[in-house]
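# A look at the structure
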Amino acid sequence: MKKILIILLTLACFSLSAQTDSLQFPQDFYGIYKGDLQITNPRGKQTIQMEFHLNPTDSIGKYQYMLVYIMDGNRQERHYNLLEKDVAKGEYIVDENNGILLDAKLMGNTLFCMFEVQGNILTTTERFYKDSMDFEITFASKAQQTTSGTAGEDATEVISYPISVLQKAHLMKQ
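Residues numbered from 1 in each chain as written. Predicted model: local features only at pLDDT ≥ 70, side-chain atom pairs only at ≥ 80, totals over all residues. Heavy atoms only, no water.

Now for the nonpolar core. Of all hydrophobic cores here, the largest spans 30 residues; its most connected members are Phe25, Phe52, Leu54, Leu82 and Phe135. Residues contacting Phe135, with those up to four places away along its chain left out, are Leu37, Met50, Leu67, Tyr69, Thr125, Glu126, Gln167, Lys168, Ala169 and Leu171. (Core = buried A, V, L, I, M, F, W, Y, C linked by side-chain atoms within 4.5 Å. Buried < 20%, exposed > 50% of the residue type's maximum accessible area, 1.4 Å probe, protein only. Contact = heavy atoms within 4.5 Å.)

Here it is, written out as structure tokens:
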């Protein structure tokens, strides 16, 4: 019975993976995605409306990449572009259109970006599905780091950065 359950779970995972593996980034994910963004920080939790826009532009290898946060009816739009760097390697650049360029890596159906700004480390994860996407940002302060490690000839130092803020949303394609 256990073996049958394991086989069924494995087949289900492959089936779900195949559904997004056949889709091509970014063209199969063009559109506007909407939903609620859950923000968790040391002060508590907050929910705001959010939109994510991914659309083609007139330029080859350049895509509209816009984040919209809606608080108390006010829209805060962040007009960025997603640029192709080396598509074969899954390398892209998020251009904030103000001199800030962030390296992004596409692995499967997920776009990852990690960067440091003003002593803080942020990681963004955007996982695309046929009719939705998951959006997540984690935030850690370098000032809150802890150091540990092993001793001896092969000593290894490890620096850990505790997450202090999480922004997470499941957005539906409109």
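Following the criterion strictly, the structure yields ten aromatic pairs and no others. Ring plane angle 40 degrees and centroid distance 6.2 Å describe the contact between Phe25 and Phe29, whose orientation is recorded as tilted. With relative accessibility at 11%, the residue Phe25 sits in the buried group. Assessed through its relative accessible area of 2%, Phe29 is described here as buried. (Phe/Tyr/Trp six-rings, centres within 6.5 Å; stacked < 30°, edge-to-face > 60°.)

Time to look at the pattern of salt bridges. Under the defined criterion, the tally for this structure stands at six salt bridges. Among the ionic pairs, Lys34 bridges to Glu51, the shortest N-O distance being 4.0 Å. On the criterion of sequence distance, the pair formed by Lys34 in strand β1 (residues 31–41) and Glu51 in strand β2 (residues 44–56) is long-range, its members being 17 residues apart. Classification of Lys34 by relative accessible area gives partly exposed; the value is 38%. Asp103 is paired through a salt bridge with Lys85; the nearest N and O atoms lie 3.5 Å apart. Placement of Asp103 in strand β6 (residues 101–107) and of Lys85 in strand β4 (residues 74–86) is noted, with a sequence separation of 18 residues between them. (Salt bridge = Lys/Arg side-chain N within 4 Å of Asp/Glu carboxyl O. Helix = DSSP H or I, 4+ residues; strand = E, 2+ residues; numbered from the N terminus.)

Turning next to the side chain of Glu51. The exposure class assigned to Glu51 is buried, which follows from its relative accessible area of 6%. Engagement of the side chain of Glu51 in a polar contact is seen with the side chain of Arg75, the distance being 3.0 Å. Not counting residues up to four positions away in its chain, the partners in contact with Glu51 are Ile32, Tyr33, Lys34, Met66, Leu67, Val68, Ile70 and Arg75. (Polar contact = N/O pair within 3.5 Å; in protein donor to acceptor, adjacent residues only side chain to side chain.)

Further remarks concern the confidence of the model for the protein. Detailed conclusions should not be drawn from predicted coordinates in areas where pLDDT is low. Residue-level pLDDT values for the protein average 91, and 88% of them are 70 or greater. Taken as a whole, residues 1–19 scores under 50 in pLDDT and shows zero contacts with residues more than four places along the chain or in a different chain. (pLDDT = per-residue confidence, 0-100.)

Looking at where Leu166 falls in the secondary structure, it is placed in strand β12 (residues 163–173). Excluding anything up to four places from it in sequence, Leu166 contacts Gln38, Ile39, Thr40, Glu136, Ile137 and Thr138.

It is worth spelling out the environment of Thr147 at this point. Within the secondary structure, Thr147 is located in strand β10 (residues 146–149). Spatially, the C-alpha atom of Thr147 lies 5.7 Å from that of Val158, the residues being eleven residues apart in sequence. If we skip the residues at most four places from it in the chain, Thr147 touches Glu157, Val158 and Ile159.

The next point concerns the pairing of strand β8 (residues 120–128). Within β8, eight of the nine residues are buried, which leaves the element mostly enclosed by the surrounding structure. Judged from the eight bridges that link them, strand β7 (residues 110–117) and β8 form a sheet pairing that is antiparallel. Considered in β8, the bridge of Val117 is made with Asn120. With antiparallel pairing between neighbouring strands as the criterion, β7 and β8 make up a hairpin whose turn holds two residues, including Gln118 at a positive phi of roughly 50 degrees. Pairing of β8 with strand β9 (residues 132–141) involves nine bridges; the strand directions are antiparallel. (Pairing = 2+ DSSP bridges.)

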